[in-house]
Amino acid sequence: MLFDRLRQQLQEREQAHQYRRRRIMSSAQGVRVCIDDLEYLNFCSNDYLALANHPELKAAFKQAVDRYGVGSGSAHLINGHSHEHHALEEELAAFTGRQRALLFSTGYMANLGLVSTLLGRSDTLFEDRLNHASLIDAGILSRARMQRYAHNDMTALAEKLEQCDRGEKLIVSDGVFSMDGDLAPIIDMAHLAQAHDALLMIDDAHGLGVLGRTGGGSLEQAGLDAVAVPILMGTLGKALGTFGAFVAGDELLIEALINHARSYVYTTALPPAVAAATRASLRLLQTESWRRQKLTALVEHWKQGAGQLQLPLMDSDTAIQPLLLGSSEKAIRISQQLEQRGFLISAIRPPTVAKGQARLRITFSAEHEPEHIDRLLEALDVLLGLEQNRDEAGE
Ligand SMILES: *Cc1c(COP(=O)(O)O)cnc(C)c1O
């Protein structure tokens, strides 16, 4: 029976300390969040610039609700494409320095639509091993042959490109790796793409808004334009603080997506108010560069403190600062003990990361203060010290 199999799969997950459970939040996103009536210091949100609960975004959202109502009513190609959507697309195109931008309902759907519009079964797709699940699923949906190369290994990518004799070539990568926080070597990737007649696409879900002088993301930071990286995907639910995603590129690409991307055509448009709030967010993130500067300072403060305590830092300079713990059991235990002490940090376990690579994924926001980080460091020092005693006692 199918349900018996599900039951068994869930039991196996539980035994492997990999069972997933949700927390029920009763407050807005922010440095302080509530679950039931208890308050926690939050270190696991992707709201890097602290915009998700910003008064200007909320005002723009409410104003748009008064004008447009809540639901968009239909897909963009029927009559769901409002003035707010269209204006946001134009502003995103200008912000990313591209001819056009196209809104999708989620980043997951943007990746599915993009890759499956570009590639078919006679083509080849090159993916970093640590790419986001949506990029992997996009590859499967496209039916292209998938070549996954070792994380950020440009020698491996070059070899695979050289050996490829199958159709059109597309290289896709996270700009900032979502569970690791490190950056893709986009400059090298752009050179390889050019040398091998391949197209390069970057998913900048965790770079957009955060990296680069004006928040332009991984590409701005690397000094790369739309010629070097013709396809850019960005999400709105992380640093931009709202919801949704977009693809930016040339006129031709966007018209092809409007016509062929099934995850664009056959789904309801985002609520117009979400687009309106995102327009406010896009203005704020460009004018308030202090948010990025503060985030950089906080990351430095953390890395210095964590280094002194010899915490198991990973190779990241971004606001994603994972601590590598190894076993799922240990990651879950420390996450729970942190929660008892008033810190909210989620344990990231397989299959999201490789076996033996479970970690705490710590993230910072522009609303954190150095003092919050000091409190977290103190708690981690105690808890990881206890773990060490445990290991030594052979438990
Ligand atoms: C979050 C994320 C996505 C998915 O975006 P959603 O809008 O949440 O669906 C895609 N790619 C990467 C790298 C992400 O981190």
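Keep in mind that what you see is a predicted model, and the values were worked out from it rather than measured.

J.: For this particular structure, what's the right way to read the pattern of salt bridges?
T.: Opposite charge on two side chains lets them pair, provided their charged atoms get close. Using the criterion set out here, one finds 15 salt bridges in the structure. Residue glutamate 251 is joined to arginine 100 by a salt bridge in which the shortest nitrogen-to-oxygen separation is 3.0 Å. With glutamate 251 in helix α10 (residues 251-260) and arginine 100 in strand β3 (residues 100-104), this pair connects stretches of sequence that are 151 residues apart. Here glutamate 251 falls in the partly exposed class, since its relative accessible area comes to 38%. Under the relative-accessibility criterion, arginine 100 is labelled partly exposed at 22%. Of the charged contacts in the structure, one is a salt bridge between aspartate 180 and arginine 359, with a shortest N-O distance of 3.2 Å.

J.: Sorry if this is basic, but what is going on with the sheet that holds strand β11 (residues 343-344) here?
T.: Sheet strands line up and pair through hydrogen bonds in the backbone, either parallel or antiparallel. Taking strand neighbours across the sheet as the criterion, the three strands line up as β1-β2-β11 in an open arrangement whose pairing is mixed. Of all strands in the sheet, those with a lone pairing partner are β1 (32-35) and β11, marking the two edges. In this structure, strand β2 (residues 38-42) lies alongside β11, joined through two bridges in parallel fashion. Among the inter-strand pairings, leucine 41 is bridged to a residue of β11, identified as phenylalanine 343.

J.: It is not clear to me how the nonpolar core should be interpreted in this structure. Could you clarify?
T.: Burial of nonpolar side chains together is a common tendency in soluble globular proteins. Residues Phe43, Trp302, Leu338, Leu360, Ile362, Leu376 and Leu380 are the most contacted members of the largest nonpolar core, which totals 55 residues. At seven residues, the largest contribution of residues to this core is made by helix α15 (residues 370-392). Excluding its chain neighbours within four sequence positions, the residues that come into contact with isoleucine 362 are Phe43, Trp302, Ala319, Ile320, Gln321, Pro322, Leu323, Ile345, Leu376 and Leu380.

J.: Help me understand the sheet that holds strand β6 (residues 169-174) in this model?
T.: Read from one edge to the other, the open sheet built from seven strands follows the order β3-β9-β8-β7-β6-β4-β5, with strand pairing classed as mixed. At either margin of the open sheet sits one strand with a lone partner, and together these are β3 and β5 (145-149). Strand-to-strand twist of the sheet, defined as the mean angle between neighbouring strand axes without regard to direction, takes the value 20°. Two strands pair when backbone bridges link them, and strand β8 (residues 231-235) and strand β9 (residues 245-249) are joined in this way by four bridges, in the antiparallel orientation. Counterpart to threonine 235 in the pairing with β9 is alanine 245. Packed onto the sheet, helix α5 (residues 107-118) meets β3, β4 (124-128), β6, β7 (199-203), β8 and β9 and runs at close to 160° relative to β8.

J.: Just checking my understanding: could you explain the site of the ligand for this structure?
T.: In the vicinity of the ligand lie 15 residues, with Gly107, Tyr108, Asp203, His206 and Lys238 positioned nearest. Measuring from an oxygen atom of the ligand, one finds a side-chain N or O atom of histidine 206 at 2.6 Å. Across the complex, the protein chains shield 83% of the 380 Å² of accessible surface that the ligand would expose by itself. When contributions to the shell around the ligand are tallied by element, the ones reaching two or more residues are α5 and β8. For the shell around the ligand, the element with the most residues is α5, which contributes three residues. When its residues are assigned to classes, the shell around the ligand shows three nonpolar, nine polar and three charged.

J.: How do you make sense of the packing of aromatic side chains when you look at a structure like this?
T.: Each aromatic ring pair is described using two quantities: the centre-to-centre distance and the angle formed by the ring planes. Applying the stated criterion to the full structure yields four aromatic pairs. Ring centres 6.5 Å apart and planes at 35° place the aromatic pair phenylalanine 43 and phenylalanine 343 in the tilted group. Remark: phenylalanine 343 occurs in strand β11 and phenylalanine 43 occurs in the loop between β2 and α2 (55-68); sequence separation between them is 300 residues. Accessibility assignment for this pair places phenylalanine 43 and phenylalanine 343 in one class, buried. Pairwise contacts between aromatic rings join Phe43, Trp302, Phe343 and Phe364 into one cluster.

Rules and cut-offs
Residues numbered from 1 in each chain as written. Predicted model: local features only at pLDDT ≥ 70, side-chain atom pairs only at ≥ 80, totals over all residues. Heavy atoms only, no water. Salt bridge = Lys/Arg side-chain N within 4 Å of Asp/Glu carboxyl O. Helix = DSSP H or I, 4+ residues; strand = E, 2+ residues; numbered from the N terminus. Buried < 20%, exposed > 50% of the residue type's maximum accessible area, 1.4 Å probe, protein only. Pairing = 2+ DSSP bridges. Core = buried A, V, L, I, M, F, W, Y, C linked by side-chain atoms within 4.5 Å. Contact = heavy atoms within 4.5 Å. Axes fitted to C-alpha atoms, helices over the stretch in contact; angles between N-to-C directions. Near = heavy atom within 4 Å. Polar contact = N/O pair within 3.5 Å; in protein donor to acceptor, adjacent residues only side chain to side chain. Areas by Shrake-Rupley, 256 points an atom, 1.4 Å probe, with all protein chains shown as cover. Nonpolar A, V, L, I, M, F, W, Y, C, P; charged D, E, K, R; others polar. Phe/Tyr/Trp six-rings, centres within 6.5 Å; stacked < 30°, edge-to-face > 60°.

By themselves these figures say nothing about function.
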